[in-house]
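Descriptive analysis of the structure
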Amino acid sequence: MPFIPTTAEEMRQRGWSELDIIFVSGDAYIDHPAFGVPLLARWLENHGFRVGIIAQPDWRSKEPFMALGRPRLFFAVSAGAMDSMVAHYTPARKLRHDDAYTPGNRHGARPNRATVVYTSRLKEAFKDVPVVIGGIEASLRRFAHYDFWENKVRRSILFDAKADLLIYGMAERAVLEIAERMRAGEGLKEIRDVRGTAYGCGVVDINNHAIIPSYEEIAASKEKFAEAFRLAYQQQNPWSALVVVQQHGSRTLVCNPPSLPLTEVEMDAVYALPFEKGPHPSYTETIPAWDQIKSSVTSHRGCFGGCAFCAITMHQGKTIQSRSKSSILAEISAMTRKPWFRGTVSDVGGPTANMYGLGCNSPDAMKKCQRESCIFPNICRNLRTDDKPAVSLLQAVRSLDGVKHTAVSSGVRYDLLERQPAYFSELIAHHVSGLLKIAPEHLIDHVTEIMRKPGKKTFETFLARFREESLRFDKRQYIVPYLISGHPGCTLADMLELALLLKNIGIKVEQVQDFTPTPGTIATCMFYSGLDPMTGKRVYTATSDREKGLQKSLLLWHLPAERPKVMEALRELGRESDSGMLWGSEAGNVQRTIRPRGKVFTKKAR
Ligand code: SF4
């Protein structure tokens, strides 16, 4: 199937003089289901709509936004696969010089706060055409929220952008319903009841709605901020959520309940759309994000882990939506026929690889469930943890013609190890590629508790099992532990304990993620308010760049460049004597791990 039109000439080649819906995206156009805009464009095209894409328009004038003319129904705006501020700045708020979603890895192809800027240019160009905003930036900023880059509470992005409607979460159902109703003659302003959408209005009947503290209240009070976050978070179960209402001055933000998850049949239909599986031919330079994902396959969506620093629950939801084995195999078989395919499937996964095929065994409990996580602080008795579907999938992928090797490079939740022994054996025996990425994030128990992650004991059990099994299969392979410094709840002393503990168990890390307070996470709420929104307890948070820097350096104690900062941290803690424990006789057989984490390419929204 030809690429979705991006120019008037490409519209003409299809015999179209007018489009129904035009997407405007902050990412380059790569026709692959790993990218939201192309996926939704193909989805609408499949339902009979004429769709176009304007990718990375120059936002300094309105002309590039007029390249495909005036759409019959609406414009759909997305900042891209990442929040534009996360894409542009490091956790220390320093400007990045690259952009993996742009040809040539070049910085500067999209503006800061792209959703707001694009909407404004579209309104200049076509005042009366509705603009619907979506994607991760709009989704996670749907309520009034803390913005780390300005260090202040901002209004809902719907009001900042002056858009007509906001779609949050995975948008297939919502965008299709809106498009079909508009095609049937309804105006966008009349469409007020679609799940997964938010809109602004003057007055609203608040019966049976969840009212959360207003923008003005949460901007003035951190307690109110935490309360608003908790109340909104509690309305994320699609089967029991109420409409959430938040006042912004005289304007009311109305957020409908989340979309219902896609069934297996629907997931298969989405991934069977006729993608070209490649960047638009107009690009002459490599796009790093494409290189990273082109030989990977998404097996499922959603995550029930509930990690405090992750926004998946607020975006994709807690329900695992898996594709059928045959759908995944068909996609990989087609991939093996691509000229660039060299025999390695680089990933079979989703936000958390070993959640494929898992879910809640009790439909009644699931529909009322208010737990943040199905596995923290303990594994829920209703959770189906059967690893047969995942094992059978990996075995089938390995045996496909043309596949020489299959890696699992999405993260795994190792606290499911006891329940999934066959999956872990399979993984360790066949799918590690030398390095297995896991995400303990920390190992000091009171910190992991705040993160909603398993603690030290679970990690040590996993590590022992991983090493034993690797030996049994005669494999020389290591784990890459993802660790976060500066997370709410973590002090400088905790970081030193973590550094000593890692040394004792023989692991050196070479990259550490400094915590970034991205919109929509429990941890960001803690960072700003100093409160755990779910328990109301005070949480210590390192907020100065200096302390965050010292925390990070402690985990990198073995790098010569970090030594002055490590000494500064030890002096501050009055524990200079511990320098001997760090730099004294190094533990034999220390595993050095390289953490390939800079920009986010994984399927997990962080
Ligand atoms: S009842 Fe248990 S398994 Fe089901 S959704 Fe809730 S926490 Fe998860």
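Description of the structure in this document. Please read all numbers here as calculations on a predicted model, not as lab measurements. Going along each chain's sequence as written, the residues are numbered from 1 onward. Owing to the predicted nature of the model, reporting of local features is limited to residues with pLDDT of at least 70; listing and counting of side-chain atom pairs is limited to 80 or more, with chain, interface and lining totals taken over all residues. For the side-chain quantities, the full set of heavy atoms in the structure was used; hydrogens and water were omitted.

**Here we look at the overall build of the chain**
When helices and strands are counted, the chain shows 23 helices and 26 strands. Whereas a compact globule of 606 residues would reach a radius of gyration of roughly 25 Å, the chain reaches 24 Å, a difference of no more than 12%. Over its C-alpha atoms, taken along the principal directions, the chain stretches across nearly 75 × 60 × 50 Å. Throughout this description, buried means an accessible area under 20% of the type-specific maximum (1.4 Å probe, protein chains only), exposed means over 50%, and partly exposed covers the range between. In the chain, buried positions account for 61% of the 606 residues. Accessible area of the chain: about 23,400 Å², with a carbon and sulfur share of 51%. The averaged location of the 66 negative side-chain charges in the chain is 1 Å from the averaged location of its 80 positive side-chain charges. Secondary structure is summarised from DSSP: a helix means a run of H or I of at least four residues, a strand means a run of E of at least two, and numbering begins at the N terminus for each. Our radius of gyration looks at C-alpha atoms and nothing else; its globule reference is 2.2 Å times the residue count to the power 0.38. Note on areas: Shrake-Rupley, 1.4 Å probe, and residue coverage restricted to the protein chains presented here. In this tally, Lys and Arg are treated as positive and Asp and Glu as negative; His is ignored, and so are the chain termini. Where a charge sits is defined by one atom per residue type, namely NZ (Lys), CZ (Arg), CG (Asp) or CD (Glu).

**Here we look at the nonpolar core**
Residues enter a nonpolar core if they are buried and are Ala, Val, Leu, Ile, Met, Phe, Trp, Tyr or Cys, with the set joined through side-chain atoms within 4.5 Å. In this structure, I133, F304, Y423, F459, F462, I479 and L555 are the most contacted members of the largest nonpolar core, which totals 154 residues. Take this core: its biggest share by element is 8 residues, from helix 19 (residues 492–504). Contact partners of I133, with chain neighbours within four places excluded, come to V77, T115, T119, A138, I157, L158, A161, A163, L165, L166 and I167. In terms of nonpolar packing, the next biggest core, distinct from the first, is built from 41 residues, F3, L44, M267 and Y271 among them. Contacts are residue-level and defined by heavy atoms, with any inter-residue pair within 4.5 Å sufficient.

**Some details on the site of the ligand**
Whether a residue is near a molecule or strand is decided by its heavy atoms; if any one of them lies within 4 Å of it, the residue is near. In the vicinity of the ligand, the contacting residues are C360, A365, C369, R371, C374, C380, N382 and L383. Broken down by class, the residue content of the shell around the ligand amounts to 6 nonpolar, 1 polar and 1 charged. Basically, the charged four are Asp, Glu, Lys and Arg, the nonpolar ten are Ala, Val, Leu, Ile, Met, Phe, Trp, Tyr, Cys and Pro, and anything else, Gly included, counts as polar.

**A look at empty space enclosed by the protein**
Throughout, the protein atoms alone are placed on a 1 Å grid, and a set of points is a cavity if a 1.4 Å probe fits but cannot get out or a pocket if it is open with protein on both sides within 12 Å along at least five of seven lines; lining residues have an atom within 4 Å of a point. Grid points are joined across faces, edges and corners, and a volume is the space filled by probe spheres set on the points. This structure, assessed with the given rule, holds 6 cavities of 30 Å³ or more. Put simply, the largest cavity is a space of about 220 Å³. The wall of the largest cavity is formed by 20 residues, among which F143, A144, H145, F229 and G520 lie closest to the centre. Top contributing element to the lining of the largest cavity by residue count: helix 9 (residues 222–233), with 4 residues.

**Here's the deal with the packing of helix 19 against helix 21 (residues 545–555)**
Note on geometry: axes are lines fitted to C-alpha atoms, helical ones only across the stretch in contact, with angles between N-to-C directions running from 0 to 180 degrees. Packing of helix 19 against helix 21 brings their axes to within 8 Å, and their N-to-C directions diverge by 10°. The angle between the axes of helix 19 and helix 21 places the two elements in the roughly parallel class. In this structure, helix 19 contributes L492, M495, L496, L498, A499 and L502 to the contact, and helix 21 contributes E547, L550, Q551, L554 and L555. Here the contact of helix 19 with helix 21 is composed, by residue class, of 9 nonpolar, 1 polar and 1 charged. An angle counts as roughly parallel when it lies under 35 degrees, as roughly antiparallel when it exceeds 145, as roughly perpendicular when it falls between 65 and 115, and as oblique in every other case.

**Notes on the side chain of T252**
Residue position: T252 is located in strand 12 (residues 251–255). Classification of T252 by relative accessible area gives buried; the value is 1%. Any N or O atom pair separated by 3.5 Å or less is treated as a polar contact, with the protein-specific requirement of one donor-capable and one acceptor-capable atom, and with residues adjacent in sequence counted only for side-chain atom pairs. Here G202 takes part through its backbone oxygen, which lies 2.8 Å from a polar atom of the side chain of T252. Those residues in contact with T252 that lie beyond four places of it in its chain are F159, Y199, G200, C201, G202, V204, V245, Q246 and Q247.

**Points about the sheet that holds strand 25 (residues 513–514)**
One open sheet accounts for 3 strands, arranged 22-23-25; its pairing is parallel. The sheet is open, and its two borders are formed by strand 22 (435–441) and strand 25, each paired with just one other strand. Here a strand pair is declared whenever DSSP counts at least two bridges between the two strands. Relative to strand 23 (residues 478–485), strand 22 runs parallel, the two being bridged by 5 bridges. Note that in strand 23 the partner of E441 across the bridge is L483.

**Brief notes about the pattern of salt bridges**
By definition here, a salt bridge exists when the distance from a side-chain nitrogen of Lys or Arg to a carboxyl oxygen of Asp or Glu is within 4 Å. Applying the stated criterion across every chain yields a total of 43 salt bridges. With a closest N to O distance of 2.8 Å, E45 and R14 form a salt bridge. Of this pair, E45 sits in helix 2 (residues 36–46) while R14 sits in the loop between helix 1 (8–13) and strand 1 (21–25), and the two are 31 residues apart along the sequence. R110 serves as the salt-bridge partner of D27, at 2.8 Å between the closest nitrogen and oxygen. Note that D27 is positioned in the loop between strand 1 and strand 2 (30–31) and R110 in the loop between helix 3 (84–88) and helix 4 (114–125), a separation of 83 residues in sequence. In this structure R110 comes out as buried when scored by relative accessible area, which is 2%. Through salt bridges with shared partners, one network takes in D83, R113, R141, D147, E150, K152, R154, R155 and D160.

**With respect to the sheet that holds strand 4 (residues 74–78)**
One open sheet holds the 9 strands; their spatial order is 3-1-4-5-8-9-12-11-10, and the pairing between them is mixed. With partners counted over all chains shown, the strands left at the sheet margins are strand 3 (51–55) and strand 10 (209–212), one partner each. Ignoring strand direction, the axes of neighbouring strands in this sheet form an average angle of 25°. Pairing geometry for strand 1 and strand 4, over 5 bridges, is parallel. In the sheet register, S25 faces strand 4, and the bridge partner there is S78. Its contacts with the sheet put helix 4 on strand 1, strand 4 and strand 5 (131–134), and the angle it makes with strand 4 is roughly 155°.

**Some thoughts on the layout of surface pockets**
Of the voids in this model, the second largest pocket is the one considered here, and its volume is about 840 Å³. As for the second largest pocket, its lining consists of 46 residues, of which P238, W239, G317, K318 and T319 are closest to the centre. For the lining of the second largest pocket, the elements supplying multiple residues, two or more each, are helix 7 (172–183), helix 9, helix 12 (312–315), strand 19 (359–360), helix 14 (363–368) and strand 20 (383–384). If you tally residues by element for the lining of the second largest pocket, the top one is helix 12, at 3 residues. Of the residues assigned to the lining of the second largest pocket, the class counts are 21 nonpolar, 17 polar and 8 charged.

**Digging into the packing of helix 2 against helix 7**
The geometry of helix 2 relative to helix 7 is characterised by a closest axis approach of 10 Å and an angle of 45° between their N-to-C directions. With respect to helix 7, the axis of helix 2 lies oblique. Helix 2 and helix 7 meet at a crossing whose hand is right-handed. Two secondary-structure elements touch here, helix 2 through L39, L40, W43 and L44 and helix 7 through E172, V175, L176 and A179. Per-class residue counts for the contact of helix 2 with helix 7 are 7 nonpolar, no polar and 1 charged. Left-handed is the label given to a crossing in which the near helix is rotated counterclockwise from the far helix by less than a right angle, and right-handed is the label when the rotation is clockwise.

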